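Here are the chains, one letter per residue:
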Amino acid sequence: MITKIESFIFKNSISINRTLVIKLITVFALVNILTVLPDVFHIFSDQGIIKSQVNQRYAFWYQPVLNWFFKSFSYFGLNANATLLVFIFIYISSLIAILLNFKRTGFAFVAWFIHFTLINSAYLFSYGADYFMSFTLFINLAVCSSLLFKKDIQSSLYSFIIRFLQIHLCLVYFFAGLGKALGTDWIDGNAIWFVINTYTSDSVIENSLPLIAYPMFFKILGWGTVALELLYPILMFTKFTRKVTLWLVVLLHVGIAVFMEFYTFGSIMILLNFIAFGQHFKLKFIEKINIKIKTKSLETRAI
């Protein structure tokens, strides 16, 4: 039994190339912070829409927040806004350093720590996407750290990281489905209609109006979402249903991005699913990228 568990967790299974994983996560994080950049002072500044002292009340004493550093940097003549800019600059610089393969592990830790500090400092602004972004940067740190070990250990550690991510996603989807199943809105289709009318743009709503005549359509979507999330752990680890489930999950998050306009959340969940199970897609362009990365790695070793 113990041998089977060890084999499941540490077995060198076929996964997406770790270098590609690092680059995908880093590029996503870079795009994410650049989209937030115009509003950074409104969200994180000491004079933002919600005062930092208010947000800080929701953070535990051991969770790092910007206020810790505002006080420390004030001794060097930097005010809160200047300190925030320094943090953002270091964060972006760290992501660029990771992309350039310069001290990846160290800068991966810096990027994760700064992002973790930012979401703790903006608790009332943060939502699922921000926490999943922090988790994704932690996965990135783990992957980068695995490269510090010997080659034979690297593979086992990387397999463990992928298994950890897979199990994490299984728990997330299962309990999300369980929460929906315990209520009534997702069973009678009201949740889908509520989402469309609350978050969706006017143009999409206008095109959805004819669907009012078909309430069963919303019920089927609700039932399908609940079933997909509840059965995610089983479907993803069943060979014959894995690919179909992957595509359905991608469509689910595309729907969230389009109808709820939660673009970051929809995108990051697709990215996490791709990293965890994307090797089963067997997309040609991914195989080509993996071959190029392996070729460059072999050339570097030869030199």
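Residues numbered from 1 in each chain as written. Predicted model: local features only at pLDDT ≥ 70, side-chain atom pairs only at ≥ 80, totals over all residues. Heavy atoms only, no water.

**Student:** Mind showing me how you'd approach the pattern of salt bridges here?
**Tutor:** Where side chains of opposite charge bring their charged atoms close, a pairing between them can arise. Applying the stated rule across the entire model yields one salt bridge. Salt-bridge contacts for K180 lead to E229; the nearest nitrogen and oxygen are separated by 3.0 Å. With K180 in helix α9 (residues 151–182) and E229 in helix α12 (residues 215–236), the pair connects residues that are 49 residues apart, well separated along the chain. On the basis of relative accessible area, K180 is assigned to the buried category, the value being 18%. (Salt bridge = Lys/Arg side-chain N within 4 Å of Asp/Glu carboxyl O. Helix = DSSP H or I, 4+ residues; strand = E, 2+ residues; numbered from the N terminus. Buried < 20%, exposed > 50% of the residue type's maximum accessible area, 1.4 Å probe, protein only.)

**Student:** Just checking my understanding: could you explain the packing of helix α8 (residues 128–146) against α9 for this structure?
**Tutor:** Pairs of packed helices are described in terms of their axes, by the angle between the two and the distance that separates them. Running from N to C, α8 and α9 cross one another at 165 degrees; their axes reach a closest spacing of 9 Å. Classed by the angle they form, the pair α8 and α9 counts as roughly antiparallel. Judged by the twist between their axes, the crossing of α8 over α9 is right-handed. Across from F132, F135, I139, A142, V143 and S146 in α8, the residues of α9 making contact are Q154, L157, Y158, I161, F164, L165, H168 and V172. A per-class count over the contact of α8 with α9 returns eleven nonpolar, three polar and no charged. (Axes fitted to C-alpha atoms, helices over the stretch in contact; angles between N-to-C directions. Parallel < 35°, antiparallel > 145°, perpendicular 65-115°, else oblique. Left-handed = near helix turned anticlockwise from the far one by under 90°. Contact = heavy atoms within 4.5 Å. Nonpolar A, V, L, I, M, F, W, Y, C, P; charged D, E, K, R; others polar.)

**Student:** Whenever I open this one, a nonpolar patch on the surface confuses me. Can you help?
**Tutor:** Taken together, I167, L171, F174, F175, L178 and L182 make up a surface patch of nonpolar side chains, about 570 Å² in accessible area. Looking at where F175 falls in the secondary structure, it is placed in helix α9. Taking relative accessible area as the criterion, F175 reaches 49% and is therefore assigned partly exposed. (Patch = residues over 30% accessible without salt bridge, like charges linked within 9 Å, V, L, I, M, F, W, Y side chains within 5 Å. Areas by Shrake-Rupley, 256 points an atom, 1.4 Å probe, with all protein chains shown as cover.)

**Student:** Would you mind showing me how to read the packing of aromatic side chains here?
**Tutor:** By convention here, two paired aromatic rings are described through the distance between centres and the angle between planes. Overall, the coordinates contain 16 aromatic pairs when judged by the stated rule. With a centroid separation of 6.4 Å and 85 degrees between ring planes, the pair formed by F69 and F113 is classed as edge-to-face. With F69 in helix α5 (residues 66–73) and F113 in helix α7 (residues 104–121), this pair connects stretches of sequence that are 44 residues apart. Aromatic pair F174 and F175: ring centres 5.2 Å apart, planes at 80 degrees, arrangement edge-to-face. What links up through ring pairs into an aromatic cluster is the set F69, F73, F87, F109, W112, F113, F116 and F138. Against the face of W186 rests K180, its NZ or CZ located 5.1 Å from the ring centre. (Phe/Tyr/Trp six-rings, centres within 6.5 Å; stacked < 30°, edge-to-face > 60°. Lys NZ or Arg CZ within 6 Å of the ring centre and 35° of its normal.)

**Student:** Just to check I follow, could you spell out unusual backbone geometry for this structure?
**Tutor:** Note on backbone geometry: most residues besides glycine have negative phi, and most peptide bonds are trans. Positive phi, normally seen in glycine, also occurs at K103, with a value near 50 degrees. The phi angle at E261 is positive, at roughly 60 degrees, despite the residue not being glycine. Residue placement: E261 occurs in the loop between α13 (242–259) and α14 (263–277).

**Student:** Please explain the layout of surface pockets as it appears in this structure.
**Tutor:** In this approach, a probe sized like a water molecule rolls over the atoms, and the result shows the empty space that is left. Counted as a void, the second largest pocket has a volume near 900 Å³. Elements with a contribution of two residues or more to the lining of the second largest pocket: α9, α10 (190–199), α12, α13 and α14. For the lining of the second largest pocket, the leading source of residues is α13, giving nine residues. By residue class, the composition of the lining of the second largest pocket is 26 nonpolar, five polar and two charged. (1 Å grid on protein atoms, 1.4 Å probe; cavity = no way out; pocket = protein on both sides within 12 Å on 5 of 7 lines; lining within 4 Å. Points joined across faces, edges and corners; volume = space filled by probe spheres on them.)

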